[in-house]
Each structure stands twice: as structure tokens, then as C-alpha cells.
Amino acid sequence: QVQLVESGGGLVQPGGSLRLSCAASGSFFSIKSMGWYRQAPGKQRELVVTISSDGTRSQADSVQGRFTISRDGRKNTVYLQMNNLKPEDTAVYYCKAHVELPPYLEEAMYWGQGTQVTVSS
């Protein structure tokens, strides 16, 4: 079993910043990628940004130049630095991990519980 624990959400004014973190723990052989998705009320869950084990990043055009993902491999943790936040960034942000499980390296996806980010004046 793999657990993802997210933290760092909250209320911020437009133009402000927040930093989210997501720590993975449990029984896994390796992490192939981790990242963030978000879901606003009435909308589908969408990709924000992910980072793979080789450092490759994929991100939505809407956050280009404002959001930055980083990782600490030793802590199995990823961070999402969000700058110049806009009201349209308001959503529940979910962490996702793509891992390999012992003993046969079966691949599996896990989601965190989500953390609310609200951008409002």
C-alpha cells in the first residue's frame, strides 16, 4: 500500500503564492513519476504538472511561467510552488504517484486526498 500526504493549501489573494507538498510512503520499489492535478467545482480533473524520475516535466499551458514543480528523491516528496495565483486557479489539488510495486514491479497509480486552494480577494 502507498500513501500520499498533501499539505500547503489555503486561501490567498490574487497575485499571491502558495507552496504545496506531497510525501509518498509505504511499500513501493520506485516512483516513476509524481505530480499534481486539480479539480474545480463543476469541472473535470485536469493535469497541472508532473515530474518523472528522470526529471522530465509535463505541465498545463495555463500554469506555464507561474507554477514550478520540484522533488526530493530522498524524501519521496514533490513540491509545487505556485506564484502569481489567479482566481481561476481555485480548485482542489490532488497529488498523484506512479509507482512500481514489489516484488514484480507491477505499476500502479495512487492519489492523495486533495488540498483546497482558494484564490480570492
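Going by the structure above, here's the rest.
Criteria and cut-off values
Residues numbered from 1 in each chain as written. Predicted model: local features only at pLDDT ≥ 70, side-chain atom pairs only at ≥ 80, totals over all residues. Heavy atoms only, no water. Core = buried A, V, L, I, M, F, W, Y, C linked by side-chain atoms within 4.5 Å. Buried < 20%, exposed > 50% of the residue type's maximum accessible area, 1.4 Å probe, protein only. Helix = DSSP H or I, 4+ residues; strand = E, 2+ residues; numbered from the N terminus. Disulfide = S-S within 2.5 Å. Pairing = 2+ DSSP bridges. Axes fitted to C-alpha atoms, helices over the stretch in contact; angles between N-to-C directions. Salt bridge = Lys/Arg side-chain N within 4 Å of Asp/Glu carboxyl O.

Trainee: What's the story with the nonpolar core in this structure? I'm lost.
Mentor: Across soluble globular proteins, you tend to see nonpolar side chains buried next to one another. Counting residues in hydrophobic clusters, the biggest one holds 33 residues, and the most contacted among them are Leu4, Met34, Trp36, Leu80, Met82, Tyr93 and Val99. Considering every element that reaches this core, the biggest residue donor is strand S9 (residues 91-101), with six residues.

Trainee: What am I meant to see in the state of the cysteines here?
Mentor: Disulfides are covalent bonds that link the sulfur atoms of two cysteine residues. Scanning the entire structure with this criterion turns up one disulfide. Covalent S-S linkage joins Cys22 and Cys95, the inter-sulfur distance amounting to 2.0 Å. In this structure, the disulfide formed by Cys22 and Cys95 twists by about -85° around the S-S bond and is classed as left-handed. With Cys22 in strand S3 (residues 18-26) and Cys95 in strand S9, this pair connects stretches of sequence that are 73 residues apart.

Trainee: Got a minute to help me understand the pairing of strand S4 (residues 30-39) in this structure?
Mentor: Two faces belong to every sheet, and in a regular strand the side chains alternate between them. Counting buried positions along S4 yields seven of 10 residues, so the element is predominantly enclosed. The turn linking S4 back onto strand S5 (residues 46-52) is made up of six residues, and Gly42 within it adopts a positive phi angle of 80°.

Trainee: Help me understand the sheet that holds S3 in this model?
Mentor: Within a sheet, neighbouring strands are paired by backbone hydrogen bonds and run either parallel or antiparallel to one another. Read across the open sheet, the four strands follow the order S1-S3-S8-S7; overall the sheet is antiparallel. The sheet terminates laterally at strand S1 (2-7) and strand S7 (67-72), the two strands that pair on one side only. Between one strand axis and the next, the sheet turns by 15° as a mean value, whatever way the strands run. In the sheet, S7 pairs with strand S8 (residues 77-82) via six bridges, with the strands oriented antiparallel. Residue Ser70 lies in a different strand from S8, and its bridge partner there is Tyr79.

Trainee: Explain the pattern of salt bridges here, please?
Mentor: Where charged atoms of side chains with opposite charge meet at close range, the side chains can pair. The final tally for this structure, using the stated rule, is four salt bridges. Taking the shortest distance from any N to any O, the salt bridge between Asp89 and Arg38 comes out at 3.0 Å. One end of the pair, Asp89, is in the loop between S8 and S9; the other, Arg38, is in strand S4, and 51 residues separate them in sequence. With respect to class, Asp89 is no different from Arg38; both count as buried. Two residues, Asp89 and Arg66, come together in a salt bridge whose shortest N-O distance is 2.7 Å. Highlighted residues: Asp89 in the loop between S8 and S9 and Arg66 in the loop between strand S6 (57-59) and S7, separated in sequence by 23 residues. Connected through salt bridges with shared partners, the residues Arg38, Glu46, Arg66 and Asp89 form a single ionic network.

Trainee: Any chance you could explain the pairing of S5 here in plain terms?
Mentor: Among the seven residues of S5, five are classified as buried, and the element is accordingly described as predominantly covered. With six bridges connecting them, S4 and S5 associate as antiparallel partners. Across the sheet, Trp36 pairs through a bridge with Val49, a residue of S5. Looking at chain direction, S5 and S6 are connected through three bridges and run antiparallel. Counted as the bridge partner of Val49 is Gln59 from S6. Between S5 and S6, which follow one another and run antiparallel, lie four residues, and Gly55 among them has a positive phi close to 95°.

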